[in-house]
Amino acid sequence: EAGVTQFPSHSVIEKGQTVTLRCDPISGHDNLYWYRRVMGKEIKFLLHFVKESKQDESGMPNNRFLAERTGGTYSTLKVQPAELEDSGVYFCASSPGPVPYEQYFGPGTRLTVT
Amino acid sequence: AQSVAQPEDQVNVAEGNPLTVKCTYSVSGNPYLFWYVQYPNRGLQFLLKYITGDNLVKGSYGFEAEFNKSQTSFHLKKPSALVSDSALYFCAVRAHNAGNNRKLIWGLGTSLAVNP
């Protein structure tokens, strides 16, 4: 069974540019989560999809962040325009159900905004 | 408000010795508790979880954790550490009855170094 994949693994962009991160969950997993970890800080929840619907987007920092999951399969997270404080590692996770199902994480995308 | 504390940034232990990685939490009501591990350049991997029932939970790679309601703790343990256990460990919590606040709350992580 293929795991959760994320693309790209690394991205370095300048302040003001746009970046789109992609996550492919495990096939059949309706629940998809985005998280961010800034160096040395806790993992912070960004949002939760159930199929193509946003179940909870309370963790999205501001309207520069836009997440989509068209067709309920892969998801994208766009940051536009990027700011310095957006730097960090963005993790995607999927699960067959909501908490307390365990979540399966991708390797993350390390975003650096200069 | 829900919160998780991992009081140790780093834990060092000799190979073959028992290890403990500490986690305390704060939620209203009963908790769901999780431990995940992150190896270098990898995503987080699930180790074990507590939902209800037996306070001692056994998980992957020989790890176990004990839920202690009175001390609001969920410490991760292993009887005999391996060098390959060296990684970053995260504790996470969510209340059973979280209402509209259903996301997992994560600790800062504890770096475990097992020395040969």
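A brief look at the structure comes next.

So, how was this worked out
Residues numbered from 1 in each chain as written. Chains lettered and ligands numbered in written order. Predicted model: local features only at pLDDT ≥ 70, side-chain atom pairs only at ≥ 80, totals over all residues. Heavy atoms only, no water. Helix = DSSP H or I, 4+ residues; strand = E, 2+ residues; numbered from the N terminus. Rg over C-alpha atoms; globule rule 2.2 N^0.38 Å. Buried < 20%, exposed > 50% of the residue type's maximum accessible area, 1.4 Å probe, protein only. Contact = heavy atoms within 4.5 Å. Salt bridge = Lys/Arg side-chain N within 4 Å of Asp/Glu carboxyl O. Polar contact = N/O pair within 3.5 Å; in protein donor to acceptor, adjacent residues only side chain to side chain. 1 Å grid on protein atoms, 1.4 Å probe; cavity = no way out; pocket = protein on both sides within 12 Å on 5 of 7 lines; lining within 4 Å. Points joined across faces, edges and corners; volume = space filled by probe spheres on them. Nonpolar A, V, L, I, M, F, W, Y, C, P; charged D, E, K, R; others polar.

**Brief notes about the overall build of chain A**
The helix and strand tally for chain A stands at zero helices and eleven strands. When the helices and strands of chain A are placed in sequence order, the string is β-β-β-β-β-β-β-β-β-β-β. A compact globule built from 114 residues should have a C-alpha radius of gyration of about 13 Å, and chain A, at 13 Å, falls within 12% of that. Along the first, second and third principal axes, the C-alpha atoms of chain A reach 35 × 25 × 25 Å. Among the 114 residues that make up chain A, the fraction classed as buried is 49%.

**As for the side chain of Gln45 of chain B**
Among the secondary structure elements, Gln45 of chain B is positioned in strand E6 (residues 44-50). For Gln45 of chain B, the contacting residues outside a window of four places in its chain are Trp35, Tyr36, Val37, Tyr39 and Tyr61 of chain B.

**Thoughts on the pattern of salt bridges**
Residues and elements named next belong to chain A. In total, this model carries nine salt bridges over all chains according to the counting rule given. A salt bridge links Asp24 to Arg22, with the shortest nitrogen-to-oxygen separation between them at 2.7 Å. Given a relative accessible area of 25%, Asp24 falls into the partly exposed group. Arg36 is the salt-bridge partner of Asp86, the closest N and O atoms lying 4.0 Å from each other. Residue Asp86 is located in the loop between strand E8 (75-79) and strand E9 (88-95), and its partner Arg36 is located in strand E4 (residues 31-37); the two are separated by 50 residues in the primary sequence. With relative accessibility at 1%, the residue Asp86 sits in the buried group. Given the relative accessible area of 15%, Arg36 is considered buried.

**Observations regarding the side chain of Ser87 of chain A**
Residues and elements named next belong to chain A. Considering the arrangement of structural elements, one finds Ser87 in the loop between E8 and E9. At 2.8 Å, the side chain of Ser87 forms a polar contact with the backbone nitrogen of Val113. Apart from residues lying up to four places away in sequence, Ser87 is in contact with Val38, Leu111, Thr112 and Val113.

**Some details on the layout of surface pockets**
Size it by volume and the largest pocket reaches roughly 490 Å³. Lining the largest pocket are 22 residues; nearest its centre among them are Val89, Phe91, Pro107 and Arg110 of chain A together with Gln38 of chain B. Of all the secondary structure elements, the ones that give two or more residues to the lining of the largest pocket are E9 and strand E11 (109-113) of chain A. Sort the elements by how many residues they give to the lining of the largest pocket and E11 of chain A lands first, with four residues. The class makeup of the residues in the lining of the largest pocket is eight nonpolar, eleven polar and three charged. Of the voids in this model, the second largest pocket is the one considered here, and its volume is about 310 Å³. Where the lining of the second largest pocket is concerned, the elements lending two or more residues are E4 and strand E5 (43-50) of chain A together with strand E11 (105-106) of chain B. Here the lining of the second largest pocket gets four residues from one element, more than from any other, and that element is E5 of chain A.

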